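Listed here are the chains, written in short residue letters.
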Amino acid sequence: MELAKSFEPADIERRWYPEWESRGYFDAGLDTSNPAAFCILLPPPNVTGTLHMGHGFNQTIMDALTRYHRMRGDNTLWQPGTDHAGIATQIVVERQLDAQGVSRHDLGRERFLEKVWEWKEYSGGTITRQMRRLGTSPDWKRERFTMDEGLSKTVTETFVRLYNEGLIYRGKRLVNW
């Protein structure tokens, strides 16, 4: 048998990644008796396009940390998900419509929102396929989207609590994100 001149990972990746997922290798433990816990939640990529090199770098670091803690026996969760990126996503969809000679006003609010959700499904699916192709190991059973039912309510409740505790405030200040 002759070895290939260069490594071709596609066939290997297509075979093994689904196998790892189906066996639950990336599932977070629910062992409440184990006090050692490690969790990564953020930052979810925006559904405005595809992953770029910065995402690849960030995902690699998160994956290495997650796998390290799993190997230590820690109760470990890498929470996957995507972010709606409100205005940026709206602009992407509006540009797509503009290329077809249509504006969001032509469609009306409800039909435009349908287009935005269609884009979210397409782009979000592309992002998670890219993450799988990178070989990342989040717990895919726990995948979330920032506009999922319950998440917006939790964000609002958290901001109100932080405000009431004096930890955040509204003011005219320069903010570096």
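Summary of the structure given here. Please read these numbers as outputs of a predicted model, since none were measured by experiment.

Tallying secondary structure elements over the protein chain gives 6 helices and 4 strands in all. The C-alpha radius of gyration computed for the protein chain amounts to 20 Å, which surpasses the reference 16 Å derived for 177 residues by more than 25%, pointing to a less compact arrangement than a globule. Viewed in the frame of its principal axes, the protein chain has a C-alpha envelope of about 60 × 50 × 30 Å. Put simply, the protein chain has 177 residues, and 27% of those count as buried.

Attention now moves to the pairing of strand 2 (residues 75-78). Residues of strand 2 alternate between two faces, with Asn75 and Leu77 on one and Thr76 and Trp78 on the opposite face, all of them buried. Examined bridge by bridge, strand 1 (residues 37-40) and strand 2 share 4 bridges and lie parallel to one another. Among the inter-strand pairings, Ala37 is bridged to a residue of strand 2, identified as Asn75.

Glancing now at the packing of aromatic side chains. Going through the model one piece at a time under the given rule, you end up with 5 aromatic pairs. Between the aromatic rings of Trp117 and Phe145, the centroid separation amounts to 5.6 Å while the plane-to-plane angle is 70°, which identifies the pairing as edge-to-face. With Trp117 in helix 5 (residues 109-134) and Phe145 in strand 4 (residues 144-145), this pair connects stretches of sequence that are 28 residues apart. Here the aromatic rings of Trp119 and Tyr122 are separated by 5.5 Å at their centres, their planes lie at 45°, and the arrangement is tilted. Residue Trp119 and its partner Tyr122 are located together in helix 5, separated by 3 residues, close to a single helical turn.

In this section: unusual backbone geometry. Generally, phi is negative for residues other than glycine and the peptide bonds are trans, each holding for most cases. Residues other than glycine seldom take positive phi values, yet Ala85 does so here, at roughly 50°. Looking at the secondary structure, you find Ala85 in the loop between strand 3 (81-82) and helix 3 (86-99). Residue classification places Ala85 among the buried residues on the basis of a relative accessible area of 13%.

Membership of the largest hydrophobic core is limited to 10 residues, which are Tyr17, Phe26, Phe38, Ile40, Leu51, Met62, Trp78, Ile127, Met131 and Trp140. Formed by 5 residues, the second largest nonpolar core is a distinct cluster that contains Val93, Leu97, Val116 and Trp119.

With their axes 10 Å apart at the nearest point, helix 3 and helix 5 run at an angle of 105° to one another. Taken together, the axes of helix 3 and helix 5 lie roughly perpendicular to each other. For the pair formed by helix 3 and helix 5, the contact residues are Thr89, Gln90, Val92, Val93, Glu94, Gln96 and Leu97 on the first element and Phe112, Lys115, Val116 and Trp119 on the second.

What follows deals with the pattern of salt bridges. A complete count under the given rule lists 16 salt bridges for this structure. A salt bridge links Arg72 to Asp74, with the shortest nitrogen-to-oxygen separation between them at 3.7 Å. Relative accessible area serves as the criterion here: at 13%, Asp74 is assigned to the buried category. Residues joined by salt bridges that share partners form a network here, namely Arg111, Glu114, Lys115 and Glu118.

Each value, and the rule that gives it
Residues numbered from 1 in each chain as written. Predicted model: local features only at pLDDT ≥ 70, side-chain atom pairs only at ≥ 80, totals over all residues. Heavy atoms only, no water. Helix = DSSP H or I, 4+ residues; strand = E, 2+ residues; numbered from the N terminus. Rg over C-alpha atoms; globule rule 2.2 N^0.38 Å. Buried < 20%, exposed > 50% of the residue type's maximum accessible area, 1.4 Å probe, protein only. Pairing = 2+ DSSP bridges. Phe/Tyr/Trp six-rings, centres within 6.5 Å; stacked < 30°, edge-to-face > 60°. Core = buried A, V, L, I, M, F, W, Y, C linked by side-chain atoms within 4.5 Å. Axes fitted to C-alpha atoms, helices over the stretch in contact; angles between N-to-C directions. Parallel < 35°, antiparallel > 145°, perpendicular 65-115°, else oblique. Contact = heavy atoms within 4.5 Å. Salt bridge = Lys/Arg side-chain N within 4 Å of Asp/Glu carboxyl O.

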